[in-house]
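Spelled out from the first residue to the last, the chains are:
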Amino acid sequence: MDCKKALEENNGNIDEAKQWLREKGLAASAKRDDRENNQGVVALVIRGNVGAMAKLKCETDFVAGSDAFKAEAEALANLIIDKGVAAVAERQEQLDSLKIVLKENIDLGEVVRIEAAAGNVIDSYLHIQGGRGVNGVLVEMNGANEELAHDVAVHIAFARPKYLTKADVPESVVAAERATLEVVTRNEGKPEQAIAKIVDGRVTGFFKDVCLLEQPYAKDDKQSVASVIGAAKIIRFAQVEIG
């Protein structure tokens, strides 16, 4: 019926009718832009020494699991490998078409590209749920084999670190956390002379939560990630997750 109306409105001209349908569809899509879209898919691709991830967001897991939606996320990830993250703008027309056809608030989320330096290894982990990627990790390491890099990627997916080392945590973040912990400690009625030491211990615990090298290793929490990788080095990592 939409096609029939489009042809009637445009005197049977097929090209003009197509454009009319597209404009009407995009106008309807714009009205959905304020709807929550915390579902979606993470596509992850590694080719040679380059890895890429693309997060494509939508409203429902039904749409997220559809073949067309997953194929678009995969196409975006491959485009990022070939041309870089800015190249995703080249697929705006395809994204607009998805919005029209699937009738949801569809949007591009985080995009990541990691090109490993010569001699380094890049590996990944992608957690699949309901037939779609929902939690992707890329990691670049030096002095490691693919198995170790993969194990580190699996750990990152589980532990969700925000920083690589303690030195990477901004001073403002540490100061804010310390202030919060001091208030919590005082509210617990701890002795004044013990507060500084207790807060120092809790700040150490904070670093173990948010810093990859400080975290207890997921497969053996008696060891830290730093002790597990030994002489190897984690150069960088990225995590992209649905929700």
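Residues numbered from 1 in each chain as written. Predicted model: local features only at pLDDT ≥ 70, side-chain atom pairs only at ≥ 80, totals over all residues. Heavy atoms only, no water.

J.: I'd like a description of the pairing of strand E4 (residues 121-129), backed by residues and values.
T.: Remember that side chains alternate between the two faces of the sheet whenever the strand is regular. As paired elements, E4 and strand E5 (residues 132-142) share 9 bridges and run antiparallel to each other. Bridged to Val121 within E5 is Met141. In sequence, E4 turns back onto E5 through a hairpin of 2 residues, with Gly130 there showing a positive phi of about 60°. (Pairing = 2+ DSSP bridges. Helix = DSSP H or I, 4+ residues; strand = E, 2+ residues; numbered from the N terminus.)

J.: Requested: an account of the sheet that holds strand E1 (residues 39-47), with residues and values cited.
T.: Judged by pairing direction, the sheet is antiparallel, and its 3 strands sit side by side in the order E1-E2-E3 without closing on themselves. Since the sheet does not close on itself, it has two edges, and those belong to E1 and strand E3 (107-115), each with one partner. Each strand axis lies, on average, 10° off the axis of its neighbour in the sheet, ignoring direction. Sitting on the sheet, helix H4 (residues 67-83) is in contact with E1, strand E2 (50-58) and E3, with an inclination near 145° to E2. (Axes fitted to C-alpha atoms, helices over the stretch in contact; angles between N-to-C directions. Contact = heavy atoms within 4.5 Å.)

J.: Provide a residue-level description of the sheet that holds strand E8 (residues 233-241), including the pertinent values.
T.: Picture the strands of a sheet paired through backbone hydrogen bonds; they go either parallel or antiparallel. The strand order across the open sheet built from 3 strands is E4-E5-E8, with neighbouring strands paired in antiparallel fashion. Each having just a single partner strand, E4 and E8 make up the two edges of the open sheet. The sheet shows a mean angle of 15° between the axes of neighbouring strands, direction not considered. Here E5 runs beside E8; their pairing, made up of 8 bridges, is antiparallel. Pairing of Leu138 across the sheet is with Ala238, part of E8.

J.: Can you tell me about helix H8 (residues 192-210), naming the residues and giving the values?
T.: Within an α-helix, residues lying three or four positions from one another point in the same direction, as the helix has 3.6 residues per turn. For H8, spanning 19 residues, the distance from its first C-alpha to its last is 28 Å, which sits close to the expected 27 Å at 1.5 Å a residue. Ile195, Val199, Val203, Phe206, Phe207 and Val210 are the residues of H8 that are buried. One side of H8 carries all its buried residues, which in axial view fall inside an arc of 110°. Those residues of H8 that are exposed and angled more than 90 degrees off the buried face are Gln193 and Lys197. Elements that come into contact with the buried residues of H8 comprise helix H7 (171-187). (Expected span 1.5 Å × (residues − 1). Buried < 20%, exposed > 50% of the residue type's maximum accessible area, 1.4 Å probe, protein only. Arc of directions from axis to C-beta.)

J.: Which residues make up the environment of Tyr163, and what values go with them?
T.: Here Tyr163 is to be found in the loop between helix H6 (146-159) and H7. Distance from Tyr163 to Gln193, taken between C-alpha atoms, is 32 Å for residues 30 residues apart in sequence. When near neighbours in sequence (up to four residues on either side) are disregarded, Tyr163 contacts Asp168, Val169, Pro170, Val173, Val210, Cys211, Leu212 and Phe237.

J.: Explain the environment of Glu90 residue by residue, including any values.
T.: By secondary structure assignment, the location of Glu90 is in the loop between H4 and helix H5 (92-102). Glu90 sits in the partly exposed class, given a relative accessible area of 47%.

J.: Explain the packing of aromatic side chains to me, and be specific about the residues and the numbers.
T.: Inspection of every chain in the model, using the stated rule, returns 1 aromatic pair. Judged by centre distance (5.8 Å) and plane angle (50°), the ring pair of Phe206 and Phe207 falls under tilted. Each member of the pair, Phe206 as well as Phe207, is classed as buried. (Phe/Tyr/Trp six-rings, centres within 6.5 Å; stacked < 30°, edge-to-face > 60°.)

Note that every value here comes from positions in space, so none of it alone points to a role or purpose.
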